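Here is what each chain is made of, one letter per residue.
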Amino acid sequence: MRRTEPEGHGPVRYGPPLPDHGLPPPSGLVAAATGTHTEPTGGSAALLDAARGYWARRGLPADRDRTVAAPGAPALLLALTAGLGGDVLVPRPCAAWWTPQARLLGASVFPVGTPAECGGVPDPYALLETVRRVRAEGGDPRLLVLSVADDPAATVAPPELVHETIEAAAGEGLHVVSDETWRDTLHEPQDTVLIGPAEMLPDRVTVLTDLAGPFLPAGWPAAIARFPGNDTGTLLRDRVLDVLTALDARIATPVASAAAYALGEPDEITHRLAASVRLHARVAAAAHRALTAAGAFVRPPRAGRHLYADLGPLRSALGALGVGDAQELEDFLSVRLGMPTPGGHRFGDDLGALRVRLDTGAFLGTTDDERMASLLSPEPLELPHVDSVLSLLGSTFDDLRDDDARRRESPR
């Protein structure tokens, strides 16, 4: 495997993709993916109007001139970061695709710790301390990126924390980009309160959504952004369009057509999304049980198609297998489980911490027939192809737990 220099940890060009649906797209979405004309930079009127309707149904009305579309969230975040300038603050850990955009532009990225109960949103006091330290050292922090429904932690930040954090950010003059890719994937939507920053402080927040989260296959890149309805929002949108134009970052017309169809949320799309969320929630809960039974620390997954595990309690057993850091853990589990298990260092965590993200799409089968059977079954965990992967996960960590327990036993 080709590795980085000089540390020798990890492939040179590897960024974990968004956790995939693991399911074939619905037929109406495929049928909507048509067109051969050139899509304008920033999105066509049809796509932008569909995005406006999507946000309006979530209590976030937006004019067309406050909305932009691009071929994937990384392109949008790159343009936003370039438009704002200055340094960037992110929670630790954070989505793997956030920090490369800033570093590509030569900006510095400063991670901020999160509270114990969730990821995605920095602790407000840690945020204030970091901003003041960066400025004291000559830095220029201008942008905070956060996610209420988070990748990689799969948690949902409580509204009071979100409010305190964005108030702290506003007090320091930071603009907030709220990544709401996983907003529509709450495992228990009736029992989970999700309030985004733009609902609390609309003049200081840009909302960004990668449509691969709720609607589109990962190979159909499309994302939308909603800007504040003030002069700051106008200027920032204009700068973003300038950057997207310079990059010729336009959504492919068939993808734009499919995105507009999905954002309209016809019954086919909403029913598929609800069924997919239920399926991934069940698989995530089963994986969570297997990991915690073995002694790993894992916050209960509340959104998305993933979970984030801290295997620090199993360090001695892993060490005996030659696993001493997150890259070695990634290599070991990827081979043992037969699925990508990116280490926490991919998400800004310390290399020495034994943390990984598991994506539930890998549990649903290896063929379209198996994946659709998982979606349609009233008891998906009992299907042989799902049960075999969950059993492999359980046995892998049971072995680590048993080895660890044996090492702790007193000599007889």
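Residues numbered from 1 in each chain as written. Predicted model: local features only at pLDDT ≥ 70, side-chain atom pairs only at ≥ 80, totals over all residues. Heavy atoms only, no water.

1. Focus on the state of the cysteines
What we call a disulfide is simply a covalent bond connecting the sulfur atoms of a pair of cysteines. Rules: Sulfur atoms of two cysteines make up a disulfide when they are within 2.5 Å. Using a 1.4 Å probe on the protein chains alone, a residue whose accessible area is under 20% of its type maximum counts as buried, one over 50% counts as exposed, and one in between counts as partly exposed.
Applying the stated criterion to the full structure yields zero disulfides. C94 carries a free sulfur, and the closest cysteine sulfur to it, the one in C118, is 14 Å from it. Judged by its relative accessible area of 0%, C118 is buried.

2. Concerning the sheet that holds strand β3 (residues 109–113)
Stated formally: DSSP calls a pair of strands paired once it identifies at least 2 bridges connecting them. Labels follow the DSSP assignment, with helices taken as runs of H or I lasting at least four residues and strands as runs of E lasting at least two, numbered in each case from the N terminus. Fitted lines through C-alpha atoms serve as axes, helices being fitted only where they are in contact, and the angles separating the N-to-C directions of these axes extend from 0 to 180 degrees. By definition in these notes, contact holds between two residues if any of their heavy atoms fall within 4.5 Å.
In space, the seven strands of this open sheet follow the order β1-β7-β6-β5-β4-β2-β3, with mixed pairing throughout. Lying at the two open borders of the sheet, with one neighbouring strand each, are β1 (67–70) and β3. Taking each pair of neighbouring strands and ignoring which way they run, the sheet shows an average axis angle of 25°. Lying on the sheet, helix α3 (residues 73–84) is in contact with β1, β2 (87–92), β4 (141–146), β5 (175–179), β6 (205–210) and β7 (223–226); it crosses β6 at an angle near 160°.

3. Quick word on the UniProt feature "domain: Aminotransferase class I/classII large" (unreviewed entry) in the chain
To keep it simple, the criterion reads: UniProt positions are given in the numbering used here, feature names are shortened, and annotations may be inferred rather than shown by experiment.
In the numbering used here, UniProt assigns the feature "domain: Aminotransferase class I/classII large" (unreviewed entry) to residues 38–314. From the first C-alpha to the last, residues 38–314 spans 54 Å; its make-up is 42% helix and 16% strand.

4. Structural notes on the side chain of R357
Let me state the cut-off plainly: Throughout this description, a polar contact denotes any pair of N or O atoms lying within 3.5 Å of each other; where both atoms belong to protein, one of them has to be capable of donating a hydrogen while the other can accept it, and for residues adjacent in sequence the pair is counted only when both atoms sit in side chains.
The topology assignment puts R357 in strand β10 (residues 355–359). Among the polar contacts listed, one links the side chain of R357 to the backbone oxygen of P17, at a separation of 2.8 Å. Polar contacts involving the side chain of R357 include one to the side chain of D359, which spans 2.9 Å. Once residues within four sequence positions are removed from consideration, R357 is found in contact with P16, P17, P19, D151, P152, H306, L307, Y308, P340, T341, P342 and F347.

5. Describing the pattern of salt bridges
Any two side chains of opposite charge can pair, on the condition that their charged atoms come close. Cut-off, in case you're wondering: Within this document, salt bridges are pairs made up of a side-chain nitrogen of Lys or Arg and a carboxyl oxygen of Asp or Glu, the two lying within 4 Å of each other.
Tallied over the entire structure, the rule returns 22 salt bridges. We note a salt bridge from E199 to R183, for which the minimum N-O separation is 3.2 Å. Taken together, the residues E199 in helix α7 (residues 197–200) and R183 in the loop between β5 and α7 connect sequence positions 16 residues apart. On the accessibility criterion, R183 (12% relative accessible area) is buried. When the shortest N-O distance is used, the salt bridge between R357 and D359 registers 2.9 Å. Taken as a pair, R357 and D359 share a single burial class, namely buried. Bridged by salt links that share partners, the residues R57, R58, D184 and E265 form one connected network.

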